[in-house]
Amino acid sequence: MQEDRGKRIYIVMGVAGVGKTSTAKGLAEKLQIPFYEGDEMHSVENIEKMKNGTPLTDEDRKAWLQKIADTINNVQHKNGAVFTCSALKERYREFLMDQTQLSFEWIYLYETKEAIRSRMQSGKDHFFNPELLQSQFDTLEPPAYGIHIRTDKTPAECIDSILKEIKKPKIGIIGLGVMGQGLALNMADNNVSVTVYNREIKGVEEDIAKNFSDENKEFYYFSWFKDLEKFLRYLPWPRNILLMVKAGPAVDSVISEVLPLLQEGDLIIDAGNSHYLDTQRRISELEEKDIHYLGTGVSGGEEGARNGPSIMPGGSQEAYTRVSSILESIAAKDKNGDACCTYIGREGSGHFVKMVHNGIEYGEMQLIAESYHFLRFYMNLSIEEIAATFSKWNESLDSYLLEISVDILQRRENGELLLDLILDAAGQKGTGGWSTEAALKYGVALDTITTAVMARNISGEKELRTRASELYDNKKPRNKISEDIKEKLFGAFKLVQIINHAIGFDLIYKASEENNWNLDLSEISRIWTNGCIIRSALMESLVERFKENPEKHLLLNPNLIQETETCREDMLEVGTQAMAAGCPMPVTASAINYFLNFTSYQTSANMIQAQRDYFGAHSYERTDKPRGKFYRTHWKMDN
Ligand code: NDP
């Protein structure tokens, strides 16, 4: 069976007179594989019936289909064969597929009844009676899958179109939500043959795949299935299956459904926001069955999925090589035209990197939000002035998040600022919090990212906050903010942005070291320069900065030290003045504390160590002794 897997059976199907024989013969010649005429496998009785204009019954067709199936099973050529077979009904096609383990490509030829009738009337040697045409059209159930070719062109042109389709790399997508649909269309734009499947829930989720295919028929034909088994059977081996379903239990549930139907060498690409540890578990479970798995981060939201996301695949490198042309073709392109997609590394590293991407995103979103809030309510700038300020900043920062924030500040609904109609309660769905959990695991200080997650949590406590705001008077006059602070806000913003990135990349670096992932921080920055949510001029500059100094923390990078020094006073002043005036600046404050701690030779942690040793006998390292040796003091007795 193993050696049969490369065999592909091309069945050229459609009603009589549509042009199956000439197309199939020509196709077999081009593919240099044998050709079999299905009509020649009809019994003498069937041929007689057709000549007399008597439609064939299902019973008549049974022996004929069995003969075709037997011939398929005896195909010797390693690359398969081309058959003609009208295969008008789904159950005839299913019968053929059920009789063999080989993979099928259905080539459905179609044309209008009128065009075929006139062709048949002018034709000569065909045994088929033109009057049977109506019965053929009545019987026809066009396949929801396969290569659909209208035969209103020359046979040579039809064959060319079929060959183009056959040569396309093939992938099946499970999950046609926002991201799945965008990726499917993006792949079709990039010459990938995409077959789609979405689960069916009666009365809730029905015909999602069919509707998606129908809606896009004008430009592409997406083969679609509502039956998972048929979907998998249709994909050529080794199969490439991309999951774009809700992260979490849904991924395990889909894997357990497909697993019994998979064969060694098949590949699952999980492109949702899965937790990297789940990905690691899935990789090892599937590895045992010789099934490849790529845990693949995708960033860029709906628009990115459709037009070019940043893609972070991790797991089997062999599998990445197999689908790299697909993933790289749909990815955004960096300034040199290279794909914003690269093999990240082993195990769950792709999803780990995507998780940290989202962590950095959390930090930057909060930074923009609190800067806006400060300018509006504590510096009393109008919305227009804030939008203009952000636009000005963005001339040099070129941050996608800042760019969309300017748009947000300009959006009105019935004359009112839409932002004022949006409830100030933000959610956090996972990746931000997961970064914090990972930081605890790897012993990394993740101040800004964690603070941004916590700021969302506190925002979610709308009722408690409302009560607290009534109990505590936030309106009483506080320290005045100095006039020059607006100028300093830009410097502060720049430095907090740098610190937030330094923190995120530090987590990636430490996890990479711990797991021997060998992650390339410069390459990760490069694939984040376009397509993803945290693209910016800073990210662009990090590509070179990490190249120059790949292992070190960003704040130790010689090229960033001067910029940091230039902005540090601005950051300190903005943070302290804003808070003294009563404005919460969680991420800015967090960045200040991180910076001050990180750049301190002497921190307060000696007191912590002494306390721990005092009450818990935890021991401590000494400044007057080499590191790695631990000492105890009996605090109550050793005076
Ligand atoms: P949607 O909610 O739009 O779509 C979710 C898809 O998952 C639907 O096709 C849904 O099917 C399917 N699904 C849900 N539960 C199950 C289940 N138990 N079994 C089978 N299928 C199921 O989500 P998105 O397309 O936005 O997101 C998909 C993935 O991509 C998620 O992991 C998300 O975190 C990630 N992602 C999303 C981004 C975004 O901006 N939206 C950006 C980057 C990644 P049905 O229609 O039947 O419910």
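Computed from a prediction, not measured in an experiment: that's the story for all the values here. Every chain is numbered independently, its residues counted from 1 as its sequence is written. In keeping with the predicted nature of the model, local features appear solely for residues at pLDDT of at least 70, side-chain atom pairs appear and are counted solely at 80 or more, and the whole-chain, interface and lining totals rest on all residues. The side-chain values count all of the structure's non-hydrogen atoms but skip hydrogen atoms and water molecules.

Here we come to the sheet that holds strand 3 (residues 80-84). As summarised here, the arrangement of the 5 strands in space is 2-3-1-4-5, forming an open sheet in which the pairing is parallel. Strands with a single pairing partner mark the edges of an open sheet, and in this sheet they are strand 2 (35-37) and strand 5 (147-150). Averaged over all adjacent pairs, the angle separating strand axes in this sheet is 20°, with direction ignored. In the sheet, strand 2 pairs with strand 3 via 3 bridges, with the strands oriented parallel. At least two bridges found by DSSP between two strands are what make those strands a pair. Secondary structure is summarised from DSSP: a helix means a run of H or I of at least four residues, a strand means a run of E of at least two, and numbering begins at the N terminus for each. In this analysis an axis means a line fitted to C-alpha atoms, helices contributing only their contacting stretch, and an angle means the value between N-to-C directions, from 0 to 180 degrees.

Here we come to the packing of aromatic side chains. Pairs were defined over the aromatic rings of Phe, Tyr and Trp, the Trp ring being its six-membered one, requiring ring centres within 6.5 Å. Orientation was assigned from the angle between planes: stacked under 30 degrees, edge-to-face over 60, tilted for the rest. Scanning the entire structure with this criterion turns up 23 aromatic pairs. Centre to centre, the rings of phenylalanine 390 and tryptophan 393 are 5.3 Å apart; their planes meet at 40°, and the pair counts as tilted. With phenylalanine 390 and tryptophan 393 both in helix 16 (residues 383-397) and 3 residues apart, this pair spans about one turn of that helix. As far as the burial class goes, phenylalanine 390 and tryptophan 393 line up, both buried. One aromatic cluster is present, formed by Tyr145, Tyr197, Phe225, Phe231 and Tyr234 through successive ring pairs. For a ring to carry a charge above it, either NZ of a lysine or CZ of an arginine must fall within 6 Å of the ring centroid while also lying within 35 degrees of the normal to the ring plane. The lysine or arginine in question, arginine 622, covers the ring of tyrosine 631, its NZ or CZ lying 6.0 Å from the ring centre. Here the basic side chain of lysine 625 rests over the ring of tyrosine 631, its NZ or CZ set 6.0 Å away from the ring centre. The buried label goes to any residue with under 20% of its type's maximum accessible area, the exposed label to any with over 50%, and the partly exposed label to all in between, with areas taken from a 1.4 Å probe on protein chains only.

This part takes up the site of the ligand. By nearness alone, 19 residues border the ligand, and Val178, Met179, Asn198, Arg199 and Asn273 come closest of all. A distance of 2.8 Å separates an oxygen atom of the ligand from a polar atom in the side chain of arginine 199. All accessible-area figures derive from a Shrake-Rupley calculation using a 1.4 Å probe, and residue coverage is judged against the displayed protein chains alone. If the ligand stood free it would expose 900 Å²; the protein chains cover 73% of that surface. Contributing elements (two or more residues each) for the shell around the ligand: helix 8 (178-189) and helix 11 (249-258). Residues are grouped as follows: Ala, Val, Leu, Ile, Met, Phe, Trp, Tyr, Cys and Pro are nonpolar; Asp, Glu, Lys and Arg are charged; all remaining types, including Gly, are polar. Grouping the constituent residues of the shell around the ligand by class yields 9 nonpolar, 6 polar and 4 charged. When we say a residue is near a molecule or strand, we mean one of its heavy atoms is within 4 Å of it. N or O atoms closer than or at 3.5 Å make up a polar contact, with two conditions inside protein: a donor-capable atom paired with an acceptor-capable one, and, for residues adjacent in sequence, both atoms drawn from side chains.

Moving on, we come to the environment of glutamine 136. With respect to the helices and strands, the residue glutamine 136 is situated in helix 6 (residues 133-139). On a C-alpha basis, the gap between glutamine 136 and glycine 14 in space is 9.0 Å, while along the polypeptide they are 122 residues apart.

An order of 8-7-6-9-10-11-12 is seen for the 7 strands of this open sheet, with the pairing classed as mixed. On the outer flanks of this sheet lie strand 8 (223-225) and strand 12 (310-315), each paired with one strand and no other. For this sheet, the mean inter-axis angle between neighbouring strands, taken without regard to orientation, is 25°. Of the strands in this sheet, strand 6 (170-174), strand 9 (240-243), strand 10 (267-270), strand 11 (292-299) and strand 12 are in contact with helix 14 (residues 317-330), which crosses strand 11 at around 30°. Here a residue-residue contact requires only that any non-hydrogen atoms of the pair lie within 4.5 Å.

With respect to the helices and strands, the residue serine 522 is situated in helix 22 (residues 521-527). For serine 522, a relative accessible area of 6% translates into the label buried. For serine 522, the residues in contact, after removing those within four places along its chain, are Val543, Phe546 and Lys547.

Per the domain assignment, the segments of the protein are domain 1 (2-167), domain 2 (170-347), domain 3 (354-598) and domain 4 (604-639). Source of the domain bounds: an automatic or database domain assignment. On a C-alpha basis, the centroid separation for the pair domain 1 and domain 4 is 84 Å.

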